[in-house]
Amino acid sequence: KQEVTQIPAALSVPEGENLVLNCSFTDSAIYNLQWFRQDPGKGLTSLLLIQSSQREQTSGRLNASLDKSSGRSTLYIAASQPGDSATYLCAVPEGNAGNMLTFGGGTRLMVKP
Amino acid sequence: DVKVTQSSRYLVKRTGEKVFLECVQDMDHENMFWYRQDPGLGLRLIYFSYDVKMKEKGDIPEGYSVSREKKERFSLILESASTNQTSMYLCASSSLAQRGVKDTQYFGPGTRLTVL
């Protein structure tokens with residue numbers, strides 16, 4: 001069964017810093033990987049989805065990379081802002097059907113003004 | 001704009017009560033999911049449905065049942081609520097996954113259920 005791990009579990013940085021969140025998965029036979037954002041007490045919002053044929057995806061100040069062979073993905077946030085404070089989760093499809101996702105435990109990010 | 005709605009943001013129930021959590025999506029998605037989220041345990045799948053009247057157990061189905069009578073609506077039922085079912089419940093939907101085709105799950109705002 002796929003296992004997804006995110007390190008660190010929590011991160012606190014001053015505003016303006018560039019930062020990297022890490023995600024690792026045990027079964028490299030995935031066909032995409034997603035990064036989500038969750039604000040406290042709210043649902044999840046999809047940020048980026050990387051197909052297995054891609055190595056990275058960019059959206060604004062966010063850049064996600066995928067290395068299937070090593071079972072790793074990173075989410076890079078440039079010039080962090082207090083509004084980036086949230087929990088970030090990565091997820092990969094479970095099984096061949098791909099309808100279900102396995103989530104990592106998340107990284108709780110706080111960006112201090 | 002994509003939308004998944006859940007019937008309540010906050011709910012307080014007593015032990016033994018029957019509880020219904022409703023989820024509605026307006027995207028004509030085939031798949032719908034119910035998760036619970038607990039500190040330190042992350043998101044865990046309870047049930048999912050890939051079509052009307054179809055359901056599959058997730059990782060933690062015990063104590064729960066589901067109903068999908070219409071494509072847009074997926075209900076989670078706690079037959080007899082217990083205190084260990086106090087949690088945040090999240091509903092999601094997605095289109096039918098095809099390998100290599102972009103697909104993501106869209107989440108509702110969540111229902112925080114407290115069982116006393």
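Being a predicted model, the structure only gives us computed values, none of them experimental. (Residues numbered from 1 in each chain as written. Chains lettered and ligands numbered in written order. Predicted model: local features only at pLDDT ≥ 70, side-chain atom pairs only at ≥ 80, totals over all residues. Heavy atoms only, no water.)

### A closer look at the packing of aromatic side chains
Within the structure shown, the criterion is met by nine aromatic pairs over all chains. Ring geometry for Phe36 of chain A against Phe107 of chain B: centres 5.7 Å apart, planes inclined by 85 degrees, an arrangement best described as edge-to-face. Of this pair, Phe36 of chain A sits in strand S4 (residues 32–38) while Phe107 of chain B sits in strand S10 (residues 106–107), which puts the two residues in different chains. According to the relative accessible area criterion, Phe107 of chain B is buried, its value standing at 10%. Ring centres of Phe103 of chain A and Phe107 of chain B lie 6.1 Å apart, and the angle between their planes is 75 degrees; on these two criteria the pair is classed as edge-to-face. Taken together, the positions of Phe103 of chain A in strand S10 (residues 100–103) and Phe107 of chain B in strand S10 put the pair across two chains. You'll find Phe103 of chain A and Phe107 of chain B in the same group, each marked buried. By the ring-pair criterion, three or more aromatic residues cluster together here, those being Phe36 and Phe103 of chain A together with Phe33, Tyr35, Phe48, Tyr50 and Phe107 of chain B. (Phe/Tyr/Trp six-rings, centres within 6.5 Å; stacked < 30°, edge-to-face > 60°. Helix = DSSP H or I, 4+ residues; strand = E, 2+ residues; numbered from the N terminus. Buried < 20%, exposed > 50% of the residue type's maximum accessible area, 1.4 Å probe, protein only.)

### Focus: the sheet that holds strand S1 (residues 4–6) of chain B
All names here are of chain B. Spatial strand order, S1-S3-S8-S7: four strands in an open sheet with antiparallel pairing. The open sheet has two edge strands, S1 and strand S7 (64–70), and neither has a second partner. Each neighbouring strand pair of the sheet contributes to a mean axis angle of 20 degrees, computed without reference to strand direction. Relative to strand S8 (residues 73–78), strand S3 (residues 19–25) is paired through six bridges, and the arrangement is antiparallel. Bridge pairing in S8 places Glu22 opposite Ser75. (Pairing = 2+ DSSP bridges. Axes fitted to C-alpha atoms, helices over the stretch in contact; angles between N-to-C directions.)

### Structural notes on unusual backbone geometry
Residue and element names in this part refer to chain A. Residue Pro8 is reached from Ile7 by a cis peptide bond, and omega for that bond is 0 degrees. The topology assignment puts Pro8 in the loop between strand S1 (4–7) and strand S2 (10–14). Positioned with a positive phi, Ala79 is a non-glycine residue whose angle comes to about 45 degrees. Along the chain, the position of Ala79 falls in the loop between strand S8 (72–77) and strand S9 (86–94).

### Topic: the pairing of strand S5 (residues 42–49) of chain B
Residues and elements named next belong to chain B. Counting buried positions along S5 gives seven out of eight residues, so the element sits mostly inside the fold. Pairing of strand S4 (residues 31–38) with S5 involves seven bridges; the strand directions are antiparallel. The partner of Asp38 across the bridge, within S5, is Gly42. The hairpin turn running from S4 into S5, its antiparallel successor, is three residues long, and Gly40 in that turn takes a positive phi close to 80 degrees. Of the strand pairs in this sheet, S5 and strand S6 (residues 56–57) are connected by two bridges, and their pairing is antiparallel. Its bridge partner lying in S6, Phe48 is registered against Glu56. Where S5 folds back onto S6 in an antiparallel hairpin, the turn is made up of six residues, including Lys53, whose phi is positive at roughly 65 degrees.

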